[in-house]
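Coordinate analysis (summary)
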Amino acid sequence: MKFYFFIRKIRDVDKTKTQSGIVSTSENRLRALEPDEEYMIDEVVGAYRQSLEVSIASELPKDKPQMHMKDLVNIAELSVRRVIDMAKKIKSFKALSQTDQISLLKGGSIELLILRSVISFDKEKNQWLDPLDSEDHSMNMANLQEGEGATLFAEHMKFTKSLAIDLKADETMLILLLVISLFSPDRPNISDKSYVCQEQEKYALLLLRYLESRYSPYTVRAIYPKLLMKLTDIRDLNEEHSHVLLKVNPEGIQPLMKEVLDMNLKDTTGANCDSPM
């Protein structure tokens, strides 16, 4: 996918920067959010936080001698359920047909999980843990490296740190990126592409407005394009995860994860069969 909208936005920001010339005193002024913008941000942030209350009865042990990708897939079931719960609390997502809802969630499942992992990353403890979960639910770096393998883990951490540390993205920024990624019109089998594209643009603009309410125009012009470009970077990371998942034997994988990751049609050798997706 080529993010034509994002590229256009980046060019617009660069054009504004070029035309601005000498920095005036207004460069340090923040732009207050409009009531409707505050409402939309509250909606998605509230949906994300409410989704943290979702739990599952089964506990998957993380104290095995060695973690494998198959173990990570099963552990990710809770995160998938929380992503689904969040999406269903967003009015614009619920306005879509059930078929399009499923297509957006399945088509973006890996990217959404990766972005969600950035939100739950504790850079002080170097672990992943949602706020309402107990410490025994945490995923440490050793577990993730064992499951993903050294190369994929390195790329995953590079992406995570670029957002959480380099760009210092806060919770709201990351949640908005998550929603922008959710509304990707190029997912397979989307019937109402125009509406999905419109919603993606709406949330991308909302991210810009949020940044303008917290940072000077100079800072916004520096970080907004970088944030949007992370949504192109994550496509590469998605591809790398997909290649690894092709080798995972679906036997023993939780049913929801089989469905979301389209693992049902793989044979026991991990070969990928033709999929209706």
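Residues numbered from 1 in each chain as written. Predicted model: local features only at pLDDT ≥ 70, side-chain atom pairs only at ≥ 80, totals over all residues. Heavy atoms only, no water.

Things to note about the pattern of salt bridges
- Per the stated rule, a full pass over the model turns up 18 salt bridges.
- Of the charged contacts in the structure, one is a salt bridge between D130 and R82, with a shortest N-O distance of 2.6 Å. You can see D130 sitting in the loop between β2 (127-128) and β3 (139-140) and its partner R82 sitting in helix α4 (residues 77-87), a full 48 residues away along the chain. Taken individually, D130 and R82 each receive the classification buried, so the pair is uniform in this respect.
- In this structure, the salt-bridge partner of K106 is E259, at a minimum N-O distance of 3.0 Å. Here E259 lies in helix α13 (residues 255-260) and K106 lies in helix α6 (residues 98-107), a separation of 153 residues in the sequence.
- You can call E259 partly exposed: its relative accessible area is 37%.
- Linked by salt bridges that have partners in common, R31, E37, R209 and E212 make up one network. (Salt bridge = Lys/Arg side-chain N within 4 Å of Asp/Glu carboxyl O. Helix = DSSP H or I, 4+ residues; strand = E, 2+ residues; numbered from the N terminus. Buried < 20%, exposed > 50% of the residue type's maximum accessible area, 1.4 Å probe, protein only.)

What to know about the environment of Y210
- On the secondary structure map, Y210 appears in helix α11 (residues 193-214).
- Residues Y210 and I41, spaced 169 residues apart in sequence, show a C-alpha to C-alpha distance of 8.4 Å.
- Filtering out sequence-adjacent residues up to four positions away, Y210 remains in contact with L33, I41, D170, T172, M173 and L176.
- A distance of 3.3 Å separates polar atoms of two side chains, one belonging to Y210 and the other to R214. (Contact = heavy atoms within 4.5 Å. Polar contact = N/O pair within 3.5 Å; in protein donor to acceptor, adjacent residues only side chain to side chain.)

Brief notes about the nonpolar core
- With 75 residues, the main nonpolar core has F93, L163, F183, Y203, L207 and L227 as its most contacted residues.
- Setting aside its immediate chain neighbours within four residues, F183 contacts S92, F93, L96, L104, V196, E199, Q200 and Y203. (Core = buried A, V, L, I, M, F, W, Y, C linked by side-chain atoms within 4.5 Å.)

Re the side chain of Q200
- Structurally, Q200 is set in helix α11.
- There is a polar contact of 3.1 Å between the side chain of Q200 and the backbone oxygen of F183.

Points about the confidence of the model for the protein
- Of all residues in the protein, 81% attain a pLDDT of 70 or more, and the chain-wide mean is 84.
- Confidence drops under pLDDT 50 across residues 17-25; counting only partners more than four residues distant or on other chains, this segment forms two contacts.
- Below a pLDDT of 50 lies the segment residues 265-277, which in the model reaches 25 contacts outside its immediate sequence neighbourhood of four places, other chains included. (pLDDT = per-residue confidence, 0-100.)

Section: the side chain of R187
- Position of R187 among the secondary structure elements: in the loop between α10 (171-182) and α11.
- In terms of polar contacts, R187 uses its side chain to reach the side chain of E111, at 3.0 Å.
- Each residue touching R187, except ones within four places of it in the same chain, is listed here: S103, L104, G107, G108, E111, S181, K193 and R235.

Considering empty space enclosed by the protein
- A full pass over the atoms with the stated rule returns one cavity of 30 Å³ or more.
- Forming the walls of the largest cavity are V83, M86, A87, L112, L178, V179 and L182.
- At the level of elements, α4 and α10 are the ones that each hand at least two residues to the lining of the largest cavity.
- Looking at side-chain class alone, the lining of the largest cavity contains seven nonpolar, no polar and no charged residues. (1 Å grid on protein atoms, 1.4 Å probe; cavity = no way out; pocket = protein on both sides within 12 Å on 5 of 7 lines; lining within 4 Å. Points joined across faces, edges and corners; volume = space filled by probe spheres on them. Nonpolar A, V, L, I, M, F, W, Y, C, P; charged D, E, K, R; others polar.)

Details of the packing of helix α7 (residues 109-119) against helix α9 (residues 150-166)
- Relative to each other, α7 and α9 sit at 55 degrees, their axes nearing to 9 Å. The orientation of α7 with respect to α9, classified from their angle, is oblique. For the pair α7 and α9, the sense of crossing is right-handed. Residue-level contacts link I114, L115, S117 and V118 of α7 to H156, F159, T160, L163 and A164 of α9.
- For the contact of α7 with α9, the class distribution of residues is six nonpolar, three polar and no charged. (Axes fitted to C-alpha atoms, helices over the stretch in contact; angles between N-to-C directions. Parallel < 35°, antiparallel > 145°, perpendicular 65-115°, else oblique. Left-handed = near helix turned anticlockwise from the far one by under 90°.)

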